[in-house]
Amino acid sequence: MLYKEETENGSIIIEKAVIAKIVTETVFPFNGKVLISNYKNKATTFAAKIGVTDDINNMEITMGEKGLDIKLYIVVKFGTSIGMVTNTLINDIHDKVYELTSIEPNSVAIVVTGMISKNIARRNIEVRR
């Protein structure tokens, strides 16, 4: 359980899987130019891309004293602007999480762990807001 609030009408509970699903759906419109990876630079498997498994293990989602903190690891296809991708993802994740859960994210961090060409070239670029 990530978030729980008691109201007069009952309890509101939000799991980490809900936030992970929002983040995964935010990455989807990049049409394969951006893939969720893990901190070791391993891109998700084909099964994860079609929704058979969950990418929650490749994200750090925590609820701290200041609010929700999200860290996402990605690999970017060669020729794609890292600045455009990271800024778009940060803004979209922040807006979608707030819109769908009414929880204001404290921070959203995107870590580019590699670039995909013929092979994956290692990188370690973190962009945070």
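Trainee: What should I look at first to understand the overall build of the chain in this one?
Mentor: Assigned secondary structure in the chain consists of three helices and seven strands. Evaluated residue by residue, the chain yields a buried proportion of 39% over its 129 residues. Partitioning the contacts of the chain with sequence separation of at least 6, the portion at a separation of at least 24 is 59%. For the chain, the computed accessible surface area is about 7,900 Å², with 50% contributed by carbon and sulfur atoms.

Trainee: Whenever I open this one, the pairing of strand β2 (residues 10-14) confuses me. Can you help?
Mentor: Remember that side chains alternate between the two faces of the sheet whenever the strand is regular. In this structure, strand β1 (residues 3-7) lies alongside β2, joined through five bridges in antiparallel fashion. Bridging from a neighbouring strand, glutamate 6 pairs with serine 11 of β2.

Trainee: Could you clarify how one ought to interpret the environment of leucine 72 in this entry?
Mentor: The residue leucine 72 is located in strand β5 (residues 68-77) in this model. Classification of leucine 72 by relative accessible area gives buried; the value is 0%. Distance from leucine 72 to alanine 20, taken between C-alpha atoms, is 9.5 Å for residues 52 residues apart in sequence.

Trainee: What exactly am I supposed to notice about the environment of isoleucine 82 here?
Mentor: In this structure, isoleucine 82 sits in helix α3 (residues 82-101). For isoleucine 82, a relative accessible area of 23% translates into the label partly exposed. On a C-alpha basis, the gap between isoleucine 82 and isoleucine 125 in space is 9.1 Å, while along the polypeptide they are 43 residues apart.

Trainee: Explain the confidence of the model for the chain to me, please; I cannot follow it from the model alone.
Mentor: Note: predicted coordinates in regions of low pLDDT should not be interpreted at a detailed level. Mean pLDDT for the chain: 81, with 81% of residues reaching 70 or above. Mean pLDDT values for the elements of the chain range from 48 in helix α2 (residues 46-49) up to 92 in α3.

Trainee: Help me understand unusual backbone geometry, please; the structure alone is not making it clear to me.
Mentor: For residues other than glycine, phi is negative in most cases, and the peptide bonds are mostly trans. A positive phi angle, close to 50°, is found at asparagine 31, a residue other than glycine. Among the secondary structure elements, asparagine 31 is positioned in the loop between α1 (16-27) and β3 (34-36). Take asparagine 31: its relative accessible area is 65%, and that puts it in the exposed class. The phi torsion at serine 102 lies on the positive side, around 65°, for a residue other than glycine.

Trainee: Looking at this structure, I do not really get the environment of valine 112. What am I missing?
Mentor: When you line up the elements, valine 112 lands in strand β6 (residues 105-116). Look at valine 112 and you get buried, because its relative accessible area is 0%. Once the C-alpha coordinates of valine 112 and isoleucine 36 are considered, the two residues, 76 residues apart in sequence, prove to be 9.4 Å apart.

The rules we used
Residues numbered from 1 in each chain as written. Predicted model: local features only at pLDDT ≥ 70, side-chain atom pairs only at ≥ 80, totals over all residues. Heavy atoms only, no water. Helix = DSSP H or I, 4+ residues; strand = E, 2+ residues; numbered from the N terminus. Buried < 20%, exposed > 50% of the residue type's maximum accessible area, 1.4 Å probe, protein only. Contact = heavy atoms within 4.5 Å. Areas by Shrake-Rupley, 256 points an atom, 1.4 Å probe, with all protein chains shown as cover. Pairing = 2+ DSSP bridges. pLDDT = per-residue confidence, 0-100.

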